[in-house]
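Chain by chain, the residues:
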Amino acid sequence: MGEWPPFVSEQSKQHGPVAHLISDLFKEAGYEVKFHFAPWGRVYSLAANSQLYDATAVWMHKPERELDFLFSEAVLQEQFVFFSLKSRQLQAERLEQIIGMRLGGDIAYSYGPELDKMVADGKVTQQKVTDVKQNFGKLLRGRIDLYPQELRVGLAELQSQLDPASAALITHSQTPFLRNDSFVMFPRKMPDSAKLRDQFNQQLQQAIASGRYKRYFERLARGEY
């Protein structure tokens with residue numbers, strides 16, 4: 001797994017609500033989970049190629065990732081917004097408003113097909129670094145105009161990684177440019193991946209139907225992680 005607080009973090013209780021959910025679902029299917037944390041790019045490579053790991057979480061769906069992995073059903077629903085400096089008063093509620101701007105980003109992240117295509121077509125530029133704190137630092141220094149990030153992830157990092165005075169200089173767009181699902185991925189090189197994926201999905205469906213699924217995120221909102 002990679003670091004993505006508040007949903008997933010090596011430092012959080014139960015490693016955060018999504019890791020806690022995943023661990024419990026596997027436990028209900030008869031498996032014990034051990035988490036290994038590393039940078040996202042390394043996580044992907046290790047899970048796809050090393051045959052050391054049975055699954056990796058959590059990831060946005062991209063067609064090219066299906067070459068290496070089987071996808072679970074969605075375990076997390078996300079809302080991506082643009083963070084910016086209050087003083088700049090940038091309009092960034094729709095993608096057509098960001099043409100020509102400099103974006104931050106996180107290595108190995110996709111920000112959805114529309115924004116990825118804008119970067120590929122040169123309509124915006126994007127500088128990717130290794131963590132959220134670096135992106136906010138670049139935003140504060142004026143090296144980027146906007147930082148696309150999941151709303152709750154960005155707000156959690158502002159609170160935990162920046163001093164209050166610096167955090168108070170940053171705002172975010174009110175309209176998500178991307179509503180996205182994220183998934184557990186199971187390596188195609190592992191012989192039991194299809195079986196494990198199906199067992200995981202069955203437990204996930206039961207948790208959603210019973211209402212247990214939403215309790216993990218209610219605990220997050222109460223600050224229990």
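Reading guide: rules and limits
- Residues numbered from 1 in each chain as written.
- Predicted model: local features only at pLDDT ≥ 70, side-chain atom pairs only at ≥ 80, totals over all residues.
- Heavy atoms only, no water.
- Helix = DSSP H or I, 4+ residues; strand = E, 2+ residues; numbered from the N terminus.
- Rg over C-alpha atoms; globule rule 2.2 N^0.38 Å.
- Buried < 20%, exposed > 50% of the residue type's maximum accessible area, 1.4 Å probe, protein only.
- Contact = heavy atoms within 4.5 Å.
- Areas by Shrake-Rupley, 256 points an atom, 1.4 Å probe, with all protein chains shown as cover.
- Lys, Arg positive; Asp, Glu negative; His and termini not counted.
- Charge placed at Lys NZ, Arg CZ, Asp CG, Glu CD.
- Salt bridge = Lys/Arg side-chain N within 4 Å of Asp/Glu carboxyl O.
- Polar contact = N/O pair within 3.5 Å; in protein donor to acceptor, adjacent residues only side chain to side chain.

### Side note on the overall build of the chain
The number of helices and strands found in the chain is 8 helices and 8 strands. In summary, the chain has a C-alpha radius of gyration of 18 Å against a globular reference of 17 Å for 225 residues, a match within 12%. In terms of principal-axis extent, the alpha carbons of the chain reach across some 55 × 40 × 30 Å. Counting over 225 residues, the chain shows a buried share of 49%. The contacts of the chain with a sequence gap of at least 6 include a subset with a gap of at least 24, amounting to 70%. A total of about 11400 Å² of accessible surface is found on the chain, and carbon and sulfur atoms cover 49% of it. Side-chain charges of the chain comprise 28 positive and 27 negative groups, with the mean position of each set lying 3 Å from the other.

### A look at helix α2 (residues 40-49)
When we look at burial in α2, the residues that qualify are Trp-40, Val-43, Tyr-44, Leu-46, Ala-47 and Ala-48. Close packing links the buried residues of α2 with β1 (56-60), β2 (69-71) and β8 (178-187). Downstream of α2 by one or two residues, Gln-51 has phi in the positive range, about 60°.

### Some thoughts on the side chain of Asp-106
In this fold, Asp-106 is placed in the loop between β4 (102-103) and α3 (113-120). Of the side chains with opposite charge, Lys-128 lies nearest to the buried Asp-106, which makes no salt bridge, at 8.2 Å. Side chain to side chain, Asp-106 and Asn-135 meet in a polar contact 3.4 Å long. Apart from the residues within four sequence positions on either side, Asp-106 is in contact with Tyr-111, Lys-128, Val-129, Asp-131, Val-132, Asn-135, Tyr-147 and Gln-149.

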